[in-house]
Amino acid sequence: MIPDSFKQDLLNRVDIVDVVSRYVRLKKGGANFLGLCPFHNEKTPSFTVSPAKQFYHCFGCGVHGNAIGFLMAYGSLGYVDALKELAAAAGMQVPEPQPRTPEEAERRQREPDLVATMEKAMHFYRAQLKGSPRAIEYLKGRGLSGEIAARFRLGYAPDDWQGLKAGFEDYSLASLVECGLVIENEGKRYDRFRDRVMFPIFNARGAVVGFGGRVVGSGEPKYLNSPETPLFEKGRELYGLLQAREAIRAAGRVLVVEGYMDVVALAQFGVGYAVATLGTATTPVHVAKLLRLADELVFCFDGDAAGRKAAWRALEVSLPLAPDHKPLRFLFLPEGEDPDSFVRRHGAATLEQRVREAETLSQFLLSQLRAEADFATAEGRARFVAMARPHLENITVAPALRMQLTNEVGRLAGLSAEELQRILAPSGRQPYRHQAPAKREFRAPSTTEWKLLSRVAAYPSLAAEIDTGLTDAAFPESQALREICAYLESLGVGREASQALVIERFRDTAHADLVFHAQAHSLELRESEDESRAFVRHTLKKLEIARKNDQLKSYEERLARGQLSKDEHRQYADMISEVKALEQRLQADARGAVQQ
Ligand SMILES: [Zn+2]
């Protein structure tokens, strides 16, 4: 898969406080940072982020991890996506992981082929646009400049059943079908896109992964998208994101619209921070992606029933994802208008004014729920509460918003906030969270080995001092200790940031639980590194004495039976003096500690 050396470089380069504080408000508290846990509801912060140790831990619900784990849990990202996200922020490029199956290997091998095919098609369509006065007229008629058309790499698919033949020497290429550019039917091949203005869809790395096509004349369907292909997954991509990135950062805001024509028209009029979903409803991947880029998300929909329905879907998807400091808004345009027509008719200033004044998430949520409610009867009010409840419970990372909405719903339903709270969180039922695992009860073992493990977790450099051969291999914590010591020594450094690497090393292993709890325990350990070192040395001496005493006992048993050889007699005598010396040193250490 992805090489360990890359993960190590990455984790050494990023700062977990930076990563977490993009989503959670953190306050300095001693050596660590504290915030309200994004994975469970709480009123006093128990979510702790350690800049020195480079991990987070919640003393309330037990979530624990490094920067990679945080992005996975918070953004519902897969492992590789989280790595990519983190790497992009650190200006690093993730090496492509090794394929897991032969099919994947084959697909991977084909991918450059597919990307090249799409790229070639884009160039072909762009060249066609230059030679088509009709398509140019159409774009001009929609108020688009040549500059904008070039920026979005717009093109034109000619009105020809096999137009791409002119762009590809070999029209029978399998990749043309795999990319969704050509349709094969009963042995015949023809172009999917004909007589359409072509909008290339780019992924985050700038590769063309799909096309949207808007018919130039009056054909049907008006809009046609690439089908899902190995390159193109509609629920993950957003049209215009590549071009909008800068403007989104500058404005701190992103406007989500429905059509690619809207994105291009808005950019033409100076509203550069718009992106479009691609003929699908808003997905959690879309929302998570955008929340990482912008502080404010504004969904823009038509004001008609279909628009309201789509907006409701976007709201439902966003509730578990949007934190308190990243507000969501819903902008409904007058009926019959889309962002394209609106901005052309009223100008950018009016549109941006509307954007700023758009309904907040809570306004939209309450107005929708109220519209269906009957407050005149107890049953009607109860039904209102029942409808509101799943939405309130889904607000998991915005505790302040959740509280205010709960109060408002309670007020409307004639219940006190406490009464409503009782209905909302019946004992044991946890609402949806960012994949936070249910807290498992952990009882720290009382063994010497656990105590050593927690010291190594606190100060990795102590690993070098521990002779793990002295520990009792029967305990799982001894095995964990052996593994962590071996790993830290293989790293060759005792830097505290290596805690984040330890998490990587133990992720999904049998000893993850023990190691992560030892790390969490180290946050509460009130010991300096020197004190921990003294403790470790003292403990090891005691273990050594215990081990030698065991051996002495077996010598004594055999001595009593007259079974000791001459050599063994000497070894026995040596061991007696060794134990005596060790015990004296232990006592001297103890006196030294008292004098300090
Ligand atoms: Zn928590």
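Residues numbered from 1 in each chain as written. Predicted model: local features only at pLDDT ≥ 70, side-chain atom pairs only at ≥ 80, totals over all residues. Heavy atoms only, no water.

A. Molecular detail of the overall build of the protein chain. Across its full length, the protein chain carries 23 helices and 16 strands. Against the 2.2 N^0.38 benchmark of 25 Å for 596 residues, the protein chain shows a C-alpha radius of gyration of 32 Å, more extended than a compact globule. If you line up the protein chain on its principal axes, its C-alpha atoms span 110 × 70 × 45 Å. Counting only carbon and sulfur atoms, one obtains 49% of the accessible surface of the protein chain, whose full area is about 28400 Å². With 79 positive and 79 negative side-chain charges, the protein chain shows a separation of 2 Å between the mean positions of the two kinds. (Helix = DSSP H or I, 4+ residues; strand = E, 2+ residues; numbered from the N terminus. Rg over C-alpha atoms; globule rule 2.2 N^0.38 Å. Areas by Shrake-Rupley, 256 points an atom, 1.4 Å probe, with all protein chains shown as cover. Lys, Arg positive; Asp, Glu negative; His and termini not counted. Charge placed at Lys NZ, Arg CZ, Asp CG, Glu CD.)

B. Structural detail: the confidence of the model for the protein chain. Summing up the model confidence of the protein chain, the mean pLDDT is 87 and the portion of residues at 70 or higher is 95%. Confidence drops under a pLDDT of 50 for residues 426–436, and excluding neighbours within four residues, the segment shows 27 contacts in the predicted structure. (pLDDT = per-residue confidence, 0-100. Contact = heavy atoms within 4.5 Å.)

C. Inspection of the sheet that holds strand β16 (residues 359–360) at higher detail. With respect to topology, 5 strands assemble into an open sheet ordered β13-β12-β14-β15-β16, the strand pairing being mixed. Single-partner strands in this sheet number two, and they are β13 (274–276) and β16. In this sheet, β13 lies alongside strand β12 (residues 253–257) in parallel orientation, the contact comprising 3 bridges. Considered in β13, the bridge of L255 is made with A274. In the packing of helix α9 (residues 241–251) onto the sheet, contacts are made with β12 and β13, and the angle to β13 comes to roughly 140°. In this fold helix α11 (residues 284–293) packs onto β12, β13, β14 (296–302) and β15 (328–333), with an angle of close to 135° to the strand it touches most, β14. (Pairing = 2+ DSSP bridges. Axes fitted to C-alpha atoms, helices over the stretch in contact; angles between N-to-C directions.)

D. Focus on the environment of G146. With respect to the element layout, G146 can be found in helix α7 (residues 146–151). For G146, a relative accessible area of 57% corresponds to the exposed category. Distance in space between the C-alpha atoms of G146 and I136 is 8.9 Å, their sequence separation being 10 residues. (Buried < 20%, exposed > 50% of the residue type's maximum accessible area, 1.4 Å probe, protein only.)

E. The coordination of the zinc ion, seen in detail. Coordination of the zinc ion by the protein involves C37 (SG), H40 (ND1), C58 (SG) and C61 (SG), with metal-donor separations of 2.1 to 2.3 Å. One can describe the donor arrangement at the zinc ion as tetrahedral, given that its 4 donor atoms subtend angles of 100 to 117° at the metal. Going along the chain, you hit the donors of the zinc ion in the pattern C-x2-H-x17-C-x2-C. Here C58 falls in the buried class, since its relative accessible area comes to 0%. (Donors = N, O, S within 2.8 Å, 3.2 Å for Na, K, Ca; no water. Tetrahedral: all angles 85-135°; square planar, octahedral: opposite > 155°, others 65-115°.)

F. Inspection of the pairing of strand β2 (residues 32–35) at higher detail. Sheet topology places strand β1 (residues 27–29) next to β2; 3 bridges connect them, and they run antiparallel. Paired with K27 across the two strands is L34, which belongs to β2. Linkage of β1 to β2, two consecutive antiparallel strands, is achieved through a turn of 2 residues, within which G30 is found at a positive phi near 70°. Pairing geometry for β2 and strand β3 (residues 47–50), over 3 bridges, is antiparallel. Residue pairing for β3: L34 is matched across the bridge by T48.

G. Fine view of the packing of helix α1 (residues 4–13) against helix α4 (residues 79–89). Two elements in contact, α1 and α4, have axes whose closest approach is 10 Å; the angle formed by their N-to-C orientations is 45°. Relative to α4, α1 is oriented oblique. Crossing of α1 over α4 shows left-handed handedness. Within the contact between the two elements, α1 uses F6, K7 and L10 and α4 uses Y79, L83, L86 and A87. Here the contact of α1 with α4 is composed, by residue class, of 6 nonpolar, no polar and 1 charged. (Parallel < 35°, antiparallel > 145°, perpendicular 65-115°, else oblique. Left-handed = near helix turned anticlockwise from the far one by under 90°. Nonpolar A, V, L, I, M, F, W, Y, C, P; charged D, E, K, R; others polar.)

H. Representation of unusual backbone geometry in the model. Looking along the chain, the bond that leaves E220 and enters P221 is cis, with omega of -10°. Here P221 lies in the loop between β10 (208–215) and β11 (223–225). Its identity is not glycine, yet D195 carries a phi of approximately 50°, on the positive side. Relative to the assigned elements, D195 resides in the loop between β8 (188–191) and β9 (196–202). Among the residues examined, D195 registers a relative accessible area of 9% and is labelled buried.

I. Focus on the sheet that holds β1. The 5 strands are arranged β1-β2-β3-β4-β5 in an open sheet whose pairing can be described as antiparallel. Where the open sheet ends on each side, the last strands, each with one partner, are β1 and β5 (64–65). Here helix α21 (residues 512–524) sits on the sheet and contacts β2, β3, β4 (55–58) and β5; the angle it forms with β4, its principal contact strand, is near 85°.

J. The arrangement of the nonpolar core in detail. Counting 106 residues, the largest nonpolar core has Y125, L154, F211, Y239 and L255 as its most contacted members. Excluding its chain neighbours within four sequence positions, the residues that come into contact with Y125 are G155, Y156, A157, L164, L181, F193, M198 and F211. If you look at the next biggest cluster of nonpolar residues, it comprises 71 residues, including Y56, M72, L83 and L86. (Core = buried A, V, L, I, M, F, W, Y, C linked by side-chain atoms within 4.5 Å.)

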